[in-house]
Amino acid sequence: MKLFVYHTPERVPPQVTADCAIAIDVLRATSTIATALDAGAEGVQAFSDLEILIATSEAWDPARRIRVGERGGKTVEGFDMGNSPLDCTPERVKQSRLFMSTTNGTRALECIRSAPIVLTAAFINRDAVVQYLVKHQPETVWLVGSGWEGSYSLEDTGCAGAVIEGVLEQSGISLDALAGNDEAVSSVTLYRNFQDDLVSLFKHASHGKRLLGLGLYEDLEYCAQLDFLDVLPVQREQGVLVKSIL
Ligand code: MLT
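Below, the structure is looked at part by part. (Residues numbered from 1 in each chain as written. Predicted model: local features only at pLDDT ≥ 70, side-chain atom pairs only at ≥ 80, totals over all residues. Heavy atoms only, no water.)

Describing the site of the ligand
Point 1. Taken together, 13 residues lie near the ligand, and Asn-83, Thr-102, Asn-104, Gly-105 and His-207 sit nearest.
Point 2. At a separation of 2.6 Å, an oxygen atom of the ligand approaches a polar side-chain atom of His-207.
Point 3. Taken by itself the ligand offers 270 Å² of open surface, and the protein chains cover 100% of this.
Point 4. Partitioning the shell around the ligand into residue classes produces four nonpolar, six polar and three charged. (Near = heavy atom within 4 Å. Polar contact = N/O pair within 3.5 Å; in protein donor to acceptor, adjacent residues only side chain to side chain. Areas by Shrake-Rupley, 256 points an atom, 1.4 Å probe, with all protein chains shown as cover. Nonpolar A, V, L, I, M, F, W, Y, C, P; charged D, E, K, R; others polar.)

Spelled out as structure tokens, the structure:
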């Protein structure tokens, strides 16, 4: 097994050659996806384009459809929900499909969706991802950060490092044997630096500061809970994530 880290979707090679590709958008899309599926949502369907999202979701029973739209950290006008994981209570999402478009996270998912196995990771479901990797040992794994509009995000690369650290601990494989690129090594260093205080990592991050400016400190606290949920989001068909029974 070789783990490659790409800081942003733009860094991902044009030909998807990974056996398993993992999208990471800790603040907040992949934290929200994990929370919604854990709370009983039927699935989460990701779109980069808002109009295609609306057109596709029209065909769905309105009682079982939640349109999630976020741009710049704020809820898109006319959508049912923004991108806060705290809104994904069982009362609100159970048995519903979330049709989701966010600034960066859904773009990251789109660029890896042709991989044979697509997962999503956040700090809150890190261990579920680690256990999948240790059990199945896919030969080539890509960990893809969503970044922010093309630039690097501290929290996504930190989460990639947390996944690699977990695999190191549970598999006994050495870092040199596991790391597929230099980014993989540096992501572990970044994670180790902040592992005891992930909220402080968020406070250093540009998007963490943006969310704090919007008064969303509770979202940061929630997303910083390492291994909080035992849920593994997996792509069942292109763009549609469900709770894994793998
Ligand atoms: C994104 O896709 O950029 C994020 O999830 C933004 C957010 O809602 O905080």
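Regarding the packing of aromatic side chains
Point 1. Scanning the model with the defined rule gives five aromatic pairs in all.
Point 2. Residues Trp-60 and Phe-99 carry aromatic rings whose centres are separated by 5.7 Å and whose planes lie at 75° to one another, so their mutual orientation is edge-to-face. With a gap of 39 residues between them, Trp-60 in the loop between helix H2 (50-57) and strand S4 (65-71) and Phe-99 in strand S6 (residues 97-101) connect regions that are remote in the sequence.
Point 3. Classification of Trp-60 as partly exposed rests on a relative accessible area of 29%. (Phe/Tyr/Trp six-rings, centres within 6.5 Å; stacked < 30°, edge-to-face > 60°. Helix = DSSP H or I, 4+ residues; strand = E, 2+ residues; numbered from the N terminus. Buried < 20%, exposed > 50% of the residue type's maximum accessible area, 1.4 Å probe, protein only.)

Regarding the packing of helix H6 (residues 154-171) against helix H8 (residues 182-194)
Point 1. One can describe the packing of H6 onto H8 by two numbers: an axis separation of 7 Å at closest approach and a directional angle of 95°. The orientation of H6 relative to H8 falls into the category roughly perpendicular. Packed against H6, whose contacting residues are Leu-154, Thr-157, Gly-158, Ala-160, Gly-161, Ala-162, Ile-164, Glu-165 and Leu-168, the element H8 presents Ala-184, Ser-187, Val-188, Leu-190, Tyr-191 and Arg-192 at the interface.
Point 2. In the contact of H6 with H8, the residues fall into nine nonpolar, four polar and two charged. (Axes fitted to C-alpha atoms, helices over the stretch in contact; angles between N-to-C directions. Parallel < 35°, antiparallel > 145°, perpendicular 65-115°, else oblique. Contact = heavy atoms within 4.5 Å.)

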